[in-house]
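Results of the structural survey
Listed here are the chains, written in short residue letters.
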Amino acid sequence: MGGHAEPDESYVYEPWYKYGIYFLFFEAAIAIGVTIYSLSMSFSGQTVQFKKKMVHEKPKAERVQMEQTLVGQQCQALEKQLQDCLRAAGSK
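Anyway, here's the lowdown on the structure attached to this text. From a predicted model like this one, the values you see are computed outputs, not experimental measurements.

1. Here we look at the overall build of the chain
Along its length, the chain carries two helices and zero strands. For the chain, buried positions account for 0% of its 92 residues.

Right, dumping it as structure tokens:
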């Protein structure tokens, strides 16, 4: 009366059917993973870092040499300024 059909118990599924079901579950797991990833990006404002962030620094010897060069340039500029001051004071 209700129009419900009785399931046919004698139906035999094709051999690929179980693999199709597994594939659907695999796709569902991927969809859930993508959803979690996108939500984490939305709420944090950053992408999830799967790699270690590397900071490349110059070797210490090269950095020391560069600092010494800068100090030397500053000293030369100060010496020139001092000589200009002494000349200006001597000419008065």
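2. Let's talk about the packing of aromatic side chains
For the structure shown, the criterion picks out two aromatic pairs. With a centroid separation of 4.2 Å and 10° between ring planes, the pair formed by tyrosine 13 and tyrosine 17 is classed as stacked. Given a relative accessible area of 51%, tyrosine 13 falls into the exposed group. For tyrosine 17, a relative accessible area of 34% translates into the label partly exposed. Ring geometry for phenylalanine 23 against phenylalanine 26: centres 6.4 Å apart, planes inclined by 40°, an arrangement best described as tilted. With phenylalanine 23 and phenylalanine 26 both in helix H1 (residues 17–44) and three residues apart, the pair spans about one turn of that helix. You can call phenylalanine 23 partly exposed: its relative accessible area is 48%.

3. Section: a nonpolar patch on the surface
Side chains of Tyr11, Tyr13, Trp16, Tyr17, Tyr19 and Tyr22 sit close together on the surface and give an oily, nonpolar patch of about 810 Å² of accessible area. For tyrosine 13, the location among the structural elements is in the segment before H1.

4. Here's the deal with the pattern of salt bridges
This structure, assessed with the given rule, holds two salt bridges. Note that aspartate 84 is salt-bridged to lysine 80, the shortest N-O span being 3.8 Å. Linking aspartate 84 with lysine 80, this pair stays in helix H2 (residues 60–90), spanning four residues, or about one helical turn. For lysine 80, a relative accessible area of 54% translates into the label exposed. When the shortest N-O distance is used, the salt bridge between aspartate 84 and arginine 87 registers 3.1 Å. Here aspartate 84 pairs with arginine 87, and both are found in helix H2, just three residues apart, close to one helical turn. Overall, the relative accessible area of 34% leaves aspartate 84 in the partly exposed class. Shared partners join several salt bridges into a network, and the residues in it are Lys80, Asp84 and Arg87.

5. So, H1
Between the first and last C-alpha of H1 there are 41 Å, a value that for 28 residues agrees with the 40 Å anticipated at 1.5 Å per step. One or two steps after H1, the chain reaches glycine 45, where phi turns positive at roughly 80°.

Conventions used here
- Residues numbered from 1 in each chain as written.
- Predicted model: local features only at pLDDT ≥ 70, side-chain atom pairs only at ≥ 80, totals over all residues.
- Heavy atoms only, no water.
- Helix = DSSP H or I, 4+ residues; strand = E, 2+ residues; numbered from the N terminus.
- Buried < 20%, exposed > 50% of the residue type's maximum accessible area, 1.4 Å probe, protein only.
- Phe/Tyr/Trp six-rings, centres within 6.5 Å; stacked < 30°, edge-to-face > 60°.
- Patch = residues over 30% accessible without salt bridge, like charges linked within 9 Å, V, L, I, M, F, W, Y side chains within 5 Å.
- Areas by Shrake-Rupley, 256 points an atom, 1.4 Å probe, with all protein chains shown as cover.
- Salt bridge = Lys/Arg side-chain N within 4 Å of Asp/Glu carboxyl O.
- Expected span 1.5 Å × (residues − 1).

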